[in-house]
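What follows is each chain in one-letter form.
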Amino acid sequence: MPPPPREAPRPPKRVEAVPGTPFGVVHLDVPPVTSGLAIGSLVTGVGSILVSLLVFCFGVAGPDYGGAWAAGAFTLLGGLAGVGAIVAWLLARRQIRRPAPPPAVRFTGGGLAVAGLSCGAAGLLLSLIGLALALVVQIT
């Protein structure tokens, strides 16, 4: 099997001469990186929605399978995941908007962060609605 092809060397972004010497400082172009916080926000937001589906399942199942107690436990988990997605969105937005001078790493992923925010908020809301449904089914 042949070795993987070598990448072409990237040209420097800027070269600054050091006064009084024959040397210089080379500034290389650093490609942008997707923010890990944005990815984490999306993952916890989707997890929050999936947990809220469990809340609805236990709420509809009624007292036969634990009903409101099980729905309450999963509501707590879904709520924590939803709040975690919202906090990760706030941190990711701050990280992405921070100005980066040329040698620093620039972060991207604003769309992932917004998707995480919306999924986290939806999962939190659905968990609370599922808990209310479980309580209504438990009472009746």
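Check the entry above for the structure.
The numbers attached to residues start from 1 for each chain and follow its sequence in the written order. Residue-level local features of this predicted model are given only where pLDDT is at least 70; pairs of side-chain atoms are given and counted only at 80 or more, and the full residue set underlies all totals for whole chains, interfaces and linings. Remark: hydrogens and water are excluded; side-chain values derive from all non-hydrogen atoms of the structure.

A. Broad picture of the overall build of the protein. Of regular secondary structure, the protein possesses 3 helices and 4 strands. When the elements of the protein are put in sequence order from the N terminus, they spell out β-β-β-α-α-β-α. Computation of the radius of gyration draws on C-alpha atoms alone. For the globule rule, the value is 2.2 Å times the number of residues to the power 0.38. The C-alpha radius of gyration computed for the protein amounts to 24 Å, which surpasses the reference 14 Å derived for 140 residues by more than 25%, pointing to a less compact arrangement than a globule. Principal axes of the C-alpha set define a box for the protein whose edges measure 85 × 45 × 20 Å. Type-normalised accessible area, obtained with a 1.4 Å probe on protein chains alone, sets the label of each residue: buried when under 20%, exposed when over 50%, and partly exposed for intermediate values. Buried residues in the protein amount to 24% of all 140 residues. Sequence separation of 24 or more characterises 72% of the internal contacts of the protein that already satisfy a separation of 6 or more. Methods summary: accessible areas were calculated by the Shrake-Rupley approach with a probe of 1.4 Å, and residue burial reflects only the protein chains presented. Surface summary for the protein: the accessible area is close to 9100 Å², and the carbon and sulfur share equals 74%. Counting from the N terminus, the helices are DSSP H or I runs at least four residues long and the strands are E runs at least two residues long. In what follows, residue pairs with any heavy atoms lying within 4.5 Å of each other are defined as contacts.

B. Region of interest: the packing of helix α2 (residues 67–97) against helix α3 (residues 110–139). An axis is simply a line fitted to the C-alpha atoms; with a helix, the fit covers only the stretch in contact. Between two such axes, the angle follows the N-to-C directions and lies from 0 to 180 degrees. Here α2 crosses α3 at 160 degrees, and the two axes come no closer than 8 Å. When the interaxial angle is binned, α2 and α3 end up roughly antiparallel. For the pair α2 and α3, the sense of crossing is left-handed. In terms of residue class, the contact of α2 with α3 is made up of 17 nonpolar, 11 polar and no charged. For this classification, under 35 degrees means roughly parallel, over 145 means roughly antiparallel, 65 to 115 means roughly perpendicular, and everything else is oblique. What makes a crossing left-handed is the near helix being turned counterclockwise from the far one by less than a right angle; a clockwise turn instead makes it right-handed. Gly falls in the polar group here, along with every residue not listed as nonpolar (Ala, Val, Leu, Ile, Met, Phe, Trp, Tyr, Cys, Pro) or charged (Asp, Glu, Lys, Arg).

C. Inspection of the environment of Ile 129 at higher detail. By the secondary structure assignment, Ile 129 is in helix α3. The class for Ile 129 is partly exposed, based on a relative accessible area of 43%. Along the backbone, Ile 129 and Ser 52 are 77 residues apart, and their C-alpha atoms lie at a distance of 8.9 Å.

D. Highlighting the side chain of Ser 35. As for its placement among the helices and strands, Ser 35 is situated in the loop between β3 (33–34) and α1 (36–61). In this structure Ser 35 comes out as buried when scored by relative accessible area, which is 0%. Think of a polar contact as two N or O atoms within 3.5 Å of one another; within protein, one of them needs to be a possible hydrogen donor and the other a possible acceptor, and neighboring residues in sequence only count if both atoms come from side chains. Separated by 3.3 Å, the side chain of Ser 35 and the backbone nitrogen of Leu 37 make a polar contact. Ser 35 has contacts with Ala 92, Gln 95, Ile 96, Phe 107 and Thr 108, leaving out every residue within four places of it along the chain.

E. Structural detail: the pattern of salt bridges. Salt bridge, as used here: a side-chain nitrogen of Lys or Arg that lies within 4 Å of a carboxyl oxygen of Asp or Glu. Taken as a whole, this structure holds 1 salt bridge when the rule is applied. Across the salt bridge formed by Glu 16 and Arg 14, the nearest N and O atoms sit 3.0 Å from each other. Classification of Arg 14 by relative accessible area gives partly exposed; the value is 34%.

F. Highlighting the packing of α1 against α3. Where α1 contacts α3, the two axes come as close as 7 Å, and the packing angle between them is 15 degrees. If you check the angle between α1 and α3, you find them roughly parallel. Crossing hand, α1 versus α3: left-handed. Of the residues assigned to the contact of α1 with α3, the class counts are 21 nonpolar, 10 polar and no charged.

G. Fine view of the packing of aromatic side chains. Two rings from Phe, Tyr or Trp (for Trp, the six-membered ring) form a pair when their centres sit within 6.5 Å of each other. Planes less than 30 degrees apart are called stacked, planes more than 60 degrees apart edge-to-face, and all others tilted. Inspection of the entire model under this criterion finds 1 aromatic pair. When the ring of Phe 58 is compared with that of Phe 74, the centres are 5.4 Å apart and the planes differ by 10 degrees; the resulting orientation is stacked. Of this pair, Phe 58 sits in helix α1 while Phe 74 is found in helix α2, placing the two residues 16 residues apart along the sequence.

Geometric descriptors of this kind do not, in isolation, establish any biological role.
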